Amino acid sequence: MTANGWFQIGLYLLVIILVTRPLGVFMTRVFNREKTFLDPIFRPIERLVYRLTGIDEKREMRWTEYAIAMLLFSGVSMALLYVIERTQKWLPFNPQKFANVDPALAFGTAASFTTNTNWQAYSGESTMSYFTQMAGLAYHNFASAAVGIVLAIVVIRGIARKETDKLGNFWVDTTRCLLWVLLPICIVGSLVFVSQGVVQNLKPYTTVQLIEPQTVQVTGTDGKTITQTVTQQVIAQGPVASQEVIKEFGTNGGGFFGANSAHPFENPTPFSNFFQLVLIFAIPSGLTYTLGRMTGSQRHGWAVWAAMAFLFLAGVTTAYWAEAKGNPLLAGTDQRASALQSGGNMEGKEVRFGIANSTLFATVTTDASCGAVNSMHDSYTPLGGMVPLINIMLGEVVFGGVGAGLYGIFVFVVLAVFIAGLMVGRTPEYLGKKIESYDVKMAMLAVLILTFTILTFSAVSVVKPYGTSSISNPGPHGLSQILYTYVSSTGNNGSAFGGLNANTMWYNTTTAVAQLLGRFFMIIPVLAIAGSLAKKKTVPESAGTFPVTGGLFSGLLVSTILIVGALTFFPALSLGPILEHLLMNAGKVF
């Protein structure tokens, strides 16, 4: 670990603090339908959209109506993407003449992008046409992000409102989110990426002659190894910058290229790397300020932010330490940081990013439900790779995905307040609302569906040949690969331990089911809690009311997240990365 590495991590957190308030205030004004500086541009467009679609912007919905509208919108969008993938051969903007996507892969990808997971069991530059990338995948990057954000706003309204069953209008909220929040920053951000060298065009791939021909060994159709001399290389390109910005800002993570943000056409410079990191945390961090502002308790918003920041720092410190320490199996190899090398465990990492920026990116992308990567998590040391795994296991509530992070941590807030109420022997209260048995049951249902899905699919995959045949490493690392697959899918993250071949019928189908369960079966209980809170009266604080605005609350919230989230998966972690770490230190090769 170096002073320069810590400086970059500290600078990143400082920038996130600086963008939290202005973005939080702006989103508050947008969703409260207050005047903003963008109204002269987008208000006429918004009215036109309502006129064409027959939406009454003044009509509000109950939580059940809101949920049905969200499910219908997501279901139709998913079907549309599936059709695009299955017919891309005959659609325009396909200069590479890519074939239609296989049914299982198309279904898995459609579910993945609809749920904001963006799990990719394929390399985009060799599978998806430009039309599929733009009209299918990039569209879902906007739509799924907007759905997550507006659901977080509904939760905030449920906390803030009293004695009502109205929580807003899904179609109005989604329209305003797209027009005011996502589109403006993505237009500007894509131009920033282009200025850094990120590719943006519709040209066919370019074939170039190699200056130095390369000799490679390949396996022929008969199974025998043959030697070939490669004299040409195909340079993939396309509309990358426009997809890159929403991939990060919407915490989607699905890359245009298989190498994702490790590819120089997606992430060419140190500034583009830093800009991507800021985009990932910007909205999730800003929503904590929106929470405080809309509920009238700004200190509560900052208390939630502080809990998130503490867990973020704990994760990045652990990952940075583990990777900078290096691999003890490489005895005699100089793994010290110096002016000539990054030092530490550089396997699977870009030299231009080094240890600090790789571990920072890995922590941020798994704290948020983003999944974009600039290094390969499968190549991390056991403890370094365990950090991204645990981040997702916690429910991705460390800032989390756009919207999903806030309503995810809201579940833990309900549980923390309930625990505090039990300790003092009073009915739990949260910002003037009594937390009752119905609210706690719904919160536990949201937690248990994630745990059940992850452990069930992982258990089947480690005992059946159609599961174990895809892993690249036997032993504890193979378990980690399978566990990460379902943790990432259910948590709607999308990153992976890349050593597992997920493009099989079993994994395409089960990961898609896990993604749908992790997204929608968690959303419904959360919306139910929001609807329940909105109907309640507010009660004045008393001497026995547990405060949700200070360090004590932040500490209790962190403890609840760790106990409920981390300890649930401790047996699986013990057989995976923890055992792998002990074997590594014992000099065992795995």
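Our subject is the structure that appears above.
Worth saying up front: this structure is predicted, and the values here are computed from it rather than measured.

Enquirer: I would appreciate a short explanation of the overall build of the protein chain in the present structure.
Expert: The helix and strand tally for the protein chain stands at 18 helices and 4 strands. In terms of overall size, the protein chain behaves like a compact globule, its C-alpha atoms giving a radius of gyration of 24 Å where 590 residues would be expected to give roughly 25 Å. The C-alpha extent of the protein chain, read off along each of the three principal axes, is 80 × 60 × 50 Å. In the protein chain, which comprises 590 residues, the share counted as buried stands at 57%. When the accessible surface of the protein chain is summed, it comes to about 23300 Å², and 65% of that surface belongs to carbon and sulfur atoms.

Enquirer: Is there a simple way to explain the packing of helix α3 (residues 63–87) against helix α6 (residues 170–196) in this structure?
Expert: Two numbers describe a pair of packed helices, the interaxial angle and the distance between the axes. Taken N-terminus to C-terminus, the directions of α3 and α6 make an angle of 55 degrees; their axes are 9 Å apart at the nearest point. Relative to α6, the element α3 is oriented oblique. Contacts from Tyr66, Ala69, Met70 and Phe73 of α3 reach α6 at Phe170, Trp171 and Asp173. Among the residues making up the contact of α3 with α6, the classes are represented as 6 nonpolar, no polar and 1 charged.

Enquirer: Just checking my understanding: could you explain the nonpolar core for this structure?
Expert: In summary, soluble globular proteins display a tendency toward joint burial of nonpolar side chains. Counting 129 residues, the largest nonpolar core has Val181, Leu182, Ile283 and Phe312 as the members making the most contacts within it. Residue contributions to this core peak at 15 residues, all from helix α5 (residues 130–160). Contact partners of Leu182, with chain neighbours within four places excluded, come to Phe142, Ala145, Ala146, Ile149, Cys177, Ile246, Phe249 and Ile283.

Enquirer: For this particular structure, what's the right way to read empty space enclosed by the protein?
Expert: The gaps of empty space that remain are located by a probe, the size of a water molecule, rolled over the atoms. Applying the stated rule across the entire model yields 7 cavities of 30 Å³ or more. In this structure, the largest cavity spans a volume of roughly 180 Å³. Together, 21 residues line the largest cavity, and Met393, Leu394, Gly395, Val447 and Leu450 are the ones closest to its centre. Taken together, the elements giving at least two residues each to the lining of the largest cavity come down to α11 (382–393), α12 (404–424), α13 (437–461), α15 (476–490) and α17 (551–566). Split by residue class, the lining of the largest cavity holds 14 nonpolar, 7 polar and no charged.

Definitions and cut-offs
Residues numbered from 1 in each chain as written. Predicted model: local features only at pLDDT ≥ 70, side-chain atom pairs only at ≥ 80, totals over all residues. Heavy atoms only, no water. Helix = DSSP H or I, 4+ residues; strand = E, 2+ residues; numbered from the N terminus. Rg over C-alpha atoms; globule rule 2.2 N^0.38 Å. Buried < 20%, exposed > 50% of the residue type's maximum accessible area, 1.4 Å probe, protein only. Areas by Shrake-Rupley, 256 points an atom, 1.4 Å probe, with all protein chains shown as cover. Axes fitted to C-alpha atoms, helices over the stretch in contact; angles between N-to-C directions. Parallel < 35°, antiparallel > 145°, perpendicular 65-115°, else oblique. Contact = heavy atoms within 4.5 Å. Nonpolar A, V, L, I, M, F, W, Y, C, P; charged D, E, K, R; others polar. Core = buried A, V, L, I, M, F, W, Y, C linked by side-chain atoms within 4.5 Å. 1 Å grid on protein atoms, 1.4 Å probe; cavity = no way out; pocket = protein on both sides within 12 Å on 5 of 7 lines; lining within 4 Å. Points joined across faces, edges and corners; volume = space filled by probe spheres on them.

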